[in-house]
Amino acid sequence: MAAVPASPSPLADPSSLTAALRAAGCVFAEDEARLILATARTAEEATAMARARASGLPLEHVLGWAEFHGLRIAVEPGVFVPRRRTEFLIDQALARAPGARVVVDLCCGSGALATALAVALEGAEVHAADIDPAAVRCARRNLAPHGGRAHTGDLYAALPAVLRGRIGILTANVPYVPTAEVPLLPAEARDHEPAVALDGGPDGLDVLRRVAAGAAEWLAPGGCLLSETSARQGPAATAAFGRAGLTAHMAVSDEWDAHVVIGIR
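Criteria and cut-off values
The numbering scheme is per chain: residues are counted from 1 as the chain's sequence reads. Restriction of local features to residues with pLDDT of at least 70 applies here, the model being predicted, together with a cutoff of 80 or more for giving and counting side-chain atom pairs; totals for whole chains, interfaces and linings are based on all residues. Water and hydrogen atoms were dropped before computing side-chain values, which therefore reflect all heavy atoms in the structure. Among buried residues, the Ala, Val, Leu, Ile, Met, Phe, Trp, Tyr and Cys ones that are joined through side-chain atoms within 4.5 Å form a nonpolar core. Three labels apply to residues, based on accessible area from a 1.4 Å probe with only protein chains included: buried if under 20% of the type maximum, exposed if over 50%, partly exposed otherwise in between. To qualify as a helix, a DSSP run of H or I must reach at least 4 residues; to qualify as a strand, a run of E must reach at least 2; elements of each kind are numbered from the N terminus. Helices are assigned an expected span. That span is 1.5 Å times one less than the residue count. Two residues form a contact once any of their heavy atoms are found within 4.5 Å. Pairing of aromatic side chains requires ring centres within 6.5 Å, counting the rings of Phe and Tyr and the six-membered ring of Trp. Pairs whose planes differ by under 30 degrees are stacked, by over 60 edge-to-face, and all others tilted. A ring is scored as having a charge over it whenever the NZ atom of a lysine or the CZ atom of an arginine sits within 6 Å of its centre and within 35 degrees of its normal. The rule for pairing is simple: two strands pair if DSSP sees at least two bridges between them. Each axis is a line fitted through C-alpha atoms, taken for helices only over the stretch in contact, and angles between the N-to-C directions span 0 to 180 degrees. Roughly parallel means an angle under 35 degrees; roughly antiparallel, over 145; roughly perpendicular, 65 to 115; everything else is oblique. Left-handed describes a crossing whose near helix is turned anticlockwise from the far helix by less than a right angle; the clockwise case is right-handed. Just so you know the grouping, Ala, Val, Leu, Ile, Met, Phe, Trp, Tyr, Cys and Pro go in nonpolar, Asp, Glu, Lys and Arg go in charged, and all remaining residues, Gly too, go in polar. When a carboxyl oxygen of Asp or Glu lies within 4 Å of a side-chain nitrogen of Lys or Arg, that pair is called a salt bridge.

1. Quick look at the nonpolar core
- The biggest cluster of nonpolar side chains holds 32 residues, and the ones touching the most others in it are Phe 68, Ile 90, Leu 117, Leu 121, Val 126, Ile 169 and Leu 226.
- For this core, the secondary-structure elements that each account for two or more residues are helix 5 (87-96), helix 6 (112-120), strand 4 (125-130), helix 7 (133-143), strand 7 (219-229) and strand 9 (258-264).
- Among the elements that take part in this core, helix 6 stands out by supplying six residues, more than any other.
- By size, the runner-up hydrophobic cluster in this structure holds 28 residues, among which are Leu 170, Ala 172, Val 207 and Val 211.

Structure follows, in structure tokens:
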């Protein structure tokens, strides 16, 4: 991306900021300018934010938050940015278990899924877990106002043992990009998000298989596991859920280009 002009004053004007971001290659420059100006406290801060965006930093890292399921989710540099298409997973979870009282979000990243479910299921016991300490810090920040807890560790090993057999909704937005395809990702993801949140192994399904294999032990009877995948990986992901003893099927949203494999204990 091109450099943003050094003078802060013109960037306080929406049209000037839009022009600067557009020159830097931002496709949605007008929307991004609006968000930067709404977040920045001074013209100087707007300048610094615009420069960071022009350097290729994801907009959400520039702003310090991402919009997800009607919420503002705090997002720190180096933490996976929640994708809007993953809102479809949340809607599927709520449709299948609207009365869930125990919710767990594995591979939680910023804790966006856990936070959205905590808000929708008022009073539910909500836990999130991630192997990345930076992600867990961010998730704790997002979950704290809603009484949720975040844990550091590898999948189920991070969870309190008391949750075993009690989980009504188990979400796992696992990394599912095949290793060989990680270098082909957009620079915003490839250069600014942790590889552990993107790389799903040779076929992209290594972590999904591990989540599926342990799910039946942790789900309550009738509880559901939901994981995002791709159209190409859908059949193999569904088969992995079935081998783990879950009744599995795919849910697809053409609007969001979202594919969610769902398993019921």
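After that view of the structure, there is still more to cover.
2. Quick word on helix 9 (residues 206-218)
- With 13 residues, helix 9 should reach 18 Å at 1.5 Å per residue; the first-to-last C-alpha distance of 19 Å fits that figure.
- Burial in helix 9 covers these residues: Val 207, Leu 208, Val 211, Ala 212, Gly 214, Ala 215 and Trp 218.
- Contact partners of the buried residues in helix 9: strand 3 (102-106), strand 6 (167-172), strand 7, helix 10 (234-243) and strand 9.

3. What about the side chain of Thr 238?
- Tracing the backbone shows Thr 238 in helix 10.
- Among residues more than four places away in sequence, those in contact with Thr 238 are Ala 248, His 249, Met 250 and Val 261.

4. Quick notes on unusual backbone geometry
- At His 69, a residue that is not glycine, the phi angle is positive and equals roughly 50 degrees.
- Tracing the backbone shows His 69 in the loop between strand 1 (65-68) and strand 2 (71-74).
- Judged by its relative accessible area of 26%, His 69 falls in the partly exposed class.
- Notably, Asp 257 is not glycine yet its phi reads approximately 50 degrees, a positive angle.
- Mapped onto the elements, Asp 257 comes out in the loop between strand 8 (247-253) and strand 9.

5. Notes on the packing of aromatic side chains
- In total, this model carries one aromatic pair according to the counting rule given.
- Taking 5.7 Å as the distance between ring centres and 15 degrees as the angle between the ring planes, the aromatic pair formed by Tyr 156 and Trp 218 counts as stacked. With Tyr 156 in the loop between strand 5 (149-152) and strand 6 and Trp 218 in helix 9, this residue pair connects regions lying 62 residues apart in the sequence.
- In this structure Tyr 156 comes out as buried when scored by relative accessible area, which is 11%.
- The aromatic ring of Trp 65 is capped on one face by Arg 72, whose charged end is 3.8 Å from the ring centroid.

6. Focus: the sheet that holds strand 8
- The strand order across the open sheet formed by seven strands is 5-4-3-6-7-9-8, and the pairing between neighbours is mixed. Since the sheet does not close on itself, it has two edges, and those belong to strand 5 and strand 8, each with one partner. Strand-to-strand twist in this sheet, taken as the mean axis angle between neighbours without regard to direction, amounts to 20 degrees.
- Looking at chain direction, strand 3 and strand 6 are connected through four bridges and run parallel. Along strand 6, the bridge assignment pairs Val 104 with Leu 170.
- Relative to the sheet, helix 5 contacts strand 6, strand 7, strand 8 and strand 9, its axis offset from that of strand 7 by approximately 165 degrees.

7. A word on the pairing of strand 9
- In terms of burial, strand 9 is a largely internal element, six of the seven residues being buried.
- Sheet topology note: the strand 8/strand 9 ladder contains seven bridges and is antiparallel. Bridge assignment links His 249 to a residue of strand 9, and that residue is Ile 262.
- Counting the residues between successive antiparallel strands, the hairpin from strand 8 to strand 9 contains four residues, one of them, Asp 257, with a positive phi of roughly 50 degrees.

8. Some words on the packing of helix 2 (residues 29-39) against helix 3 (residues 43-54)
- It is the contact of helix 2 with helix 3, at a shortest axis distance of 9 Å, that shows an interaxial angle of 140 degrees. On the basis of their axis angle, the class for helix 2 and helix 3 is oblique. Considering the relative orientation of helix 2 and helix 3, their crossing is right-handed. Between helix 2 and helix 3, the contacting residues are Glu 32, Ile 36, Leu 37 and Thr 39 on the first element and Ala 46, Met 49, Ala 50 and Arg 53 on the second.
- In terms of residue class, the contact of helix 2 with helix 3 is built from five nonpolar, one polar and two charged.

9. A look at the pattern of salt bridges
- This structure, assessed with the given rule, holds 15 salt bridges.
- A salt bridge links Glu 228 to Arg 85, with the shortest nitrogen-to-oxygen separation between them at 3.3 Å. Taken together, the positions of Glu 228 in strand 7 and Arg 85 in the loop between strand 2 and helix 5 put the pair 143 residues apart, joining distant regions of the chain.
- Note that Arg 209 and Asp 206 form a salt bridge whose closest N and O atoms lie 3.5 Å from each other. With Arg 209 and Asp 206 both in helix 9, this residue pair falls three residues apart, about one helical turn.
- The exposure class assigned to Arg 209 is partly exposed, which follows from its relative accessible area of 32%.
- Through salt bridges that share partners, Glu 32, Arg 53 and Glu 188 make up one connected network.

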